[in-house]
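Here's the letter readout for the chains.
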Amino acid sequence: MKVSQQWLFDYLKVNMTPEQISEALTSLGLEVETMETWESVKGGLKGIVAGKVLTCEKHPNADKLSITTVDTGAAQPATIVCGASNIAAGQTVWVAVPGTELYDAEGKPWTIRTAKIRGQQSEGMICAEDELGLGTNHDGIMVLTDDIPAGTKASEHYDVSTDIIYEIGLTPNRSDATSVLGVAADLAAFLSVQKDVFHPVTWPDIPEIAAPKQTKTFEVTVKDAKACPRYSGVLVSGIKIGPSPEWLSTRLQAIGVRTINNVVDITNFVLHEMGQPLHAFDADKIKGDKIIVQTLPEKTPFLALDEVEYPLHAEDLMICDAHGAPMCIGGVYGGLNSGVTEQTTTIFLEAAHFNAGFVRRSSMRHNLRTDAAKRFEKGSDPNITLKALARAVDLLASYAQGTVVSEVFDLYPTRVEPKKVKLSLSRLNATTGITFTADQLEKVLEALKMTYTSSDQQTWEVAVPTNKYDVVREIDVIEEVLRVFGFSNIPLPTRMHNSIAIEPKDAPHRMRRLIGQFLASNGFLEAMNMSLTQPSFYEGIEWADKKAWVTIHNTSNESQNLLRPEMLIPTMETLRRNVHRQQDDLRMFEFGRSYAQVKEIPVEKEHLVIAMTGHELPSDWRQGEGRKVDFFTLKATVHSLLSRLGIQKWEVDSPEQRDGFAYDLTYRIGDLSFVRFGQVSKSLTDQFDIQQEVFFADFDLAILLGLASRSATVYEELNRFPAVVRDLAIVVGNETPFEDIQRIVTEAGGDILTGLEVFDIYRNEEHVGAGKMSVALRFTIENKQATLSDKEIDQWFSHMQKTLSGKLGAEIRR
């Protein structure tokens with residue numbers, strides 16, 4: 001929210017610098033995010049002076065240019081080359097002297113310099129009104145009256161307005177500070193309590209709305225008092241649409257509000273002055289001379305001011321005419337066919353109090369984030385509608401010739417009274433750490449305009465003003481007291497108290513950090529994505545279980561309304577975005593959640609996913625093109641991670657249903673499957689237009705962390721006795737999985753087997769037979785008690801050969 005310092009000073013006369021005001025507002029919880037100088041004319045017309053054109057001659061080298069000598073009040077006349085067709089000797093003009101900054105239509109500065117133009121020296125520029133920011137005309141230079149002396153500063157002649165604008169980061173709980181008067185009241189409370197200086201907030205003089213001599217027939221009906229607890233309004237006729245007075249336009253323009261006409265500007269002015277949104281309807285366009293406040297059936301079309309037709313939700317509160325036609329979304333946005341135009345002569349002026357929840361939902365649902373909606377959704381003051389209405393009527397009478405022609409409608413069936421909150425001095429002191437006295441507390445309450453009663457000076461019944469929508473509990477009142485008393489005034493403790501946090505070494509957040517650091521140290525980048533994805537990504541995906549999908553109503557991006565049901569497809573979209581931006585060699589991981597409905601109840605599942613594509617190592621001049629990642633690159637990463645987490649002795653399954661994989665494996669311990677990994681199918685990479693192989697691993701994070709927590713670190717002494725390495729080549733069927741070989745070798749090898757690896761696979765029908773392969777195994781054996789003898793080694797090796805032949809049907813290659 002933007003606040004003008006000059007506007008603030010209209011109601012609160014203080015002698016404070018902008019820096020002091022900024023610091024005070026921030027200490028009150030109205031954090032000033034930016035503070036900048038505003039000028040009614042960009043640049044403030046600095047460096048622009050009046051000049052008398054002494055001579056004017058045609059440029060010898062350009063038909064459309066003239067060479068002038070101009071008296072700018074300096075010691076010597078300036079020579080200026082001018083391209084305007086209306087330049088002539090004897091004129092008084094505005095001159096930008098060298099060094100002056102002017103601004104283009106987009107607000108970008110450019111500097112006037114002494115330069116040669118077609119061979120002639122030019123010492124400044126004679127200006128048109130658009131070049132000075134005084135208008136949009138560029139037909140020629142501005143010609144002034146002769147009574148303006150040479151050297152007169154344009155900034156003094158036009159009385160350029162300047163202001164300090166504070167950009168406040170208004171939090172949702174500050175419904176009382178959505179206006180200039182609200183900010184002024186807060187600043188006055190600050191000065192009263194923290195500086196012990198009383199500065200009253202002077203409200204504008206607002207006369208009551210006088211009863212009209214003649215009235216027009218008009219009706220107002222509210223059918224949903226929950227959504228609209230109070231609805232006030234009045235008919236104003238004799239309106240003359242025109243520009244707003246300069247002072248009002250200046251106030252609005254300073255805070256970035258575009259001026260439109262006197263009627264619209266007055267409603268905007270009251271909104272920012274008092275925090276009460278108003279809406280003006282062209283009364284002649286209200287059919288049946290009746291306003292009905294109600295909801296309409298689902299999908300009812302509504303043509304809004306932006307000329308967009310919105311399908312209404314059944315909960316949208318609408319302002320309708322006598323026939324039920326929607327004219328406005330209550331508290332959010334007006335309609336195209338009921339708005340004020342240049343032909344408007346009679347308006348119905350609305351000042352209502354709408355339910356914050358209704359306005360918030362409608363505003364977000366249709367993505368209409370208006371100033372009015374932002375006020376209502378914080379909770380407007382229901383007891384200020386008539387005062388705001390009277391203020392607007394007074395301004396309309398002064399600046400639009402408006403006259404009231406109806407009774408003041410005020411439908412307020414259940415009056416909202418100030419909330420009564422019990423406040424205990426002991427609770428206040430215990431919560432804040434400050435020893436307040438009763439006098440100190442009452443001074444703060446009075447500064448906040450909170451009335452109170454107390455019988456014992458220990459407890460108070462505090463009446464909270466109705467503009468403080470969010471202050472409903474004792475702790476809320478304590479926060480208000482402390483805010484005005486000053487957080488910076490809380491004394492620093494002389495003792496420091498520390499609590500020792502004890503947590504298990506396998507706490508989930510520590511394990512996640514360990515996994516992330518391990519993968520990052522191995523060249524992986526962490527991806528962080530939203531849990532939302534697009535249903536369109538799953539078109540043509542046969543294995544997607546759409547019945548289990550969890551969808552939401554995402555008003556900010558309707559195409560992303562699906563909570564990701566699994567992790568492969570969203571990861572492919574991440575890879576696609578990167579690959580299409582020339583990031584071809586990728587190693588990434590992500591911690592994320594998937595969502596599914598189980599027996600109509602949404603459930604979450606935590607994942608760790610790893611994806612690889614492109615080259616494992618970059619190309620270089622020694623080795624040429626780098627090695628591409630493959631299934632075994634991914635498998636090595638999976639094994640390294642499991643080893644780091646202390647997980648071992650798993651079983652391997654190969655799922656029958658591929659679900660997006662060309663081939664894949666699943667690891668499990670008992671009934672707990674904890675990772676599935678493999679190569680993504682070509683049909684899926686083609687669908688995402690990724691023209692390279694992709695490898696993907698999906699860990700069930702909860703199971704993974706559970707298994708990791710069971711592991712224990714074991715330390716053992718290095719073996720003093722030498723290890724023995726023996727190689728053996730066996731011939732087995734092409735379909736024999738390594739896991740079968742590993743299981744048999746491990747069972748037969750006993751305690752002295754400490755290593756097994758495959759170092760070669762050979763296929764040749766002539767040498768090893770059709771449908772067979774030769775697998776070269778390397779065994780490492782060692783005894784931790786003594787050196788193995790040749791006899792023991794030979795016996796062990798013979799036993800291993802017999803076991804492989806017997807249990808696996810392997811043929812030993814000699």
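Report follows, based on the coordinates.

Here is what the cut-offs are and how they apply
Residues numbered from 1 in each chain as written. Predicted model: local features only at pLDDT ≥ 70, side-chain atom pairs only at ≥ 80, totals over all residues. Heavy atoms only, no water. 1 Å grid on protein atoms, 1.4 Å probe; cavity = no way out; pocket = protein on both sides within 12 Å on 5 of 7 lines; lining within 4 Å. Points joined across faces, edges and corners; volume = space filled by probe spheres on them. Nonpolar A, V, L, I, M, F, W, Y, C, P; charged D, E, K, R; others polar. Buried < 20%, exposed > 50% of the residue type's maximum accessible area, 1.4 Å probe, protein only. Helix = DSSP H or I, 4+ residues; strand = E, 2+ residues; numbered from the N terminus. Pairing = 2+ DSSP bridges. Contact = heavy atoms within 4.5 Å. Phe/Tyr/Trp six-rings, centres within 6.5 Å; stacked < 30°, edge-to-face > 60°. Polar contact = N/O pair within 3.5 Å; in protein donor to acceptor, adjacent residues only side chain to side chain. Axes fitted to C-alpha atoms, helices over the stretch in contact; angles between N-to-C directions. Expected span 1.5 Å × (residues − 1). Salt bridge = Lys/Arg side-chain N within 4 Å of Asp/Glu carboxyl O.

## Quick word on empty space enclosed by the protein
Summary: where empty space remains is shown by rolling a probe the size of a single water molecule over the atoms. All told, the structure shown has 1 cavity of 30 Å³ or more when counted by the stated rule. Taken as a whole, the largest cavity encloses approximately 40 Å³ of empty space. M1, K2, V3, W7, S179, V180, I255, H272 and R375 are the residues that line the largest cavity. When its residues are assigned to classes, the lining of the largest cavity shows 5 nonpolar, 2 polar and 2 charged.

## Considering the pairing of strand 20 (residues 317-320)
Because side chains alternate across strand 20, one face comprises the buried residues L317 and I319, and the other comprises M318 and C320, equally buried. The sheet contact formed by strand 17 (residues 290-295) and strand 20 spans 4 bridges and is antiparallel. Considered in strand 20, the bridge of V293 is made with I319. The antiparallel pairing of strand 20 with strand 21 (residues 326-329) creates a hairpin that spans 5 residues between the two strands, and G324 there sits at a positive phi of about 85°.

## Looking at the environment of V408
Inspection of the secondary structure puts V408 in the loop between strand 24 (403-404) and strand 25 (409-411). Each C-alpha atom, one on V408 and one on D394, is 14 Å from the other, the two residues being 14 residues apart in sequence. Those residues in contact with V408 that lie beyond four places of it in its chain are I209, G233, V234, L386 and L389.

## Topic: the sheet that holds strand 32 (residues 562-563)
Here 3 strands make up an open sheet; going across it, the order is 30-32-31 and the pairing antiparallel. A single partner strand is all that each edge strand has here, and the edge strands are strand 30 (532-533) and strand 31 (550-551). Sheet topology note: the strand 31/strand 32 ladder contains 2 bridges and is antiparallel. Each residue of the ladder has a partner; that of T551, found in strand 32, is L562.

## Some words on the packing of aromatic side chains
Inspection of every chain in the model, using the stated rule, returns 22 aromatic pairs. Judged by centre distance (6.5 Å) and plane angle (10°), the rings of Y231 and F348 are stacked. Taken together, the residues span a long stretch of sequence, with Y231 in strand 15 (residues 230-237) and F348 in strand 23 (residues 347-353) at a distance of 117 residues. Across the pair, exposure class does not vary: Y231 and F348 are buried alike. Between F537 and F688 the ring centres are 6.0 Å apart and the planes differ by 55°, which places this aromatic pair in the tilted class. Of this pair, F537 sits in the loop between strand 30 and strand 31 while F688 sits in the loop between helix 17 (682-687) and strand 38 (694-700), placing them 151 residues apart in sequence. The class of F537 is buried, set by a relative accessible area of 17%. Each residue in the set F631, F632, W650, Y663, Y667, F674 and F677 is aromatic and connected to the rest through ring pairs, giving one cluster.

## So, the environment of Q91
Within the secondary structure, Q91 sits in the loop between strand 5 (78-82) and strand 6 (92-96). C-alpha of Q91 to C-alpha of K52: the two residues are 39 residues apart in sequence and 5.9 Å apart in space. The residues touching Q91, leaving out its near neighbours within four places in the chain, are G51, K52, V53, N86, I141 and V143. Within the structure, the side chain of Q91 is placed 2.8 Å from the backbone oxygen of N86, a separation counted as a polar contact.

## Quick word on unusual backbone geometry
Positive phi, close to 50°, is recorded for D289, a residue that is not glycine. Mapped onto the secondary structure, D289 falls in the loop between strand 16 (279-282) and strand 17. When its relative accessible area of 40% is taken as the criterion, D289 is described as partly exposed. The phi angle at K299 is positive, at roughly 75°, despite the residue not being glycine. When you line up the elements, K299 lands in the loop between strand 17 and strand 18 (301-303). Since its relative accessible area comes to 58%, K299 is described here as exposed.

## Here's the deal with the sheet that holds strand 42 (residues 811-812)
Sheet strands pair via backbone hydrogen bonds, and the direction of the pair is either parallel or antiparallel. Spatially, the 4 strands line up as an open sheet ordered 40-41-39-42, and their pairing is antiparallel. Each edge of the open sheet is held by one strand with a lone partner, namely strand 40 (753-762) and strand 42. Bridge analysis of strand 39 (residues 724-733) against strand 41 (residues 772-781) gives 10 bridges, and the strand direction is antiparallel. Its bridge partner being in strand 41, G733 is matched across the sheet by K772. Each of strand 40 and strand 41 touches helix 19 (residues 738-749); the most contacted strand, strand 40, lies at about 145° to it. Strand contacts of helix 21 (residues 790-808): strand 39, strand 40, strand 41 and strand 42, with the helix running at about 15° to strand 39, the strand carrying the most contacts.

## Details of helix 10 (residues 385-399)
Taking 1.5 Å per residue as the helical rise, helix 10 with its 15 residues ought to reach 21 Å, and the 21 Å between its terminal C-alpha atoms agrees with that figure. T385, A388, L389, A390, R391, A392, V393, L395 and L396 are the residues of helix 10 that are buried. Residues of helix 10 that are buried sit in contact with strand 15, helix 6 (246-254), helix 7 (262-274), strand 23, strand 24 and strand 25.

## Looking at helix 15 (residues 568-579)
Between its terminal C-alpha atoms helix 15 stretches 16 Å, which fits the 16 Å expected from 12 residues at 1.5 Å a residue. Within helix 15, 9 of the 12 residues are buried, which leaves it mostly tucked inside the rest of the structure. Of the positions making up helix 15, those classed as buried are L568, I569, P570, T571, M572, E573, T574, L575 and V579.

## Considering the pattern of salt bridges
In total, this model carries 38 salt bridges according to the counting rule given. Linking R369 and E377 is a salt bridge whose minimum nitrogen-to-oxygen distance equals 2.8 Å. The partner of D727 in a salt bridge is R778, and the shortest N-O contact between them spans 2.9 Å. One end of the pair, D727, is in strand 39; the other, R778, is in strand 41, with 51 residues separating them in the sequence. A single network of salt bridges, built from pairs that share partners, joins R174, D176, D186, K468, E480 and R483.

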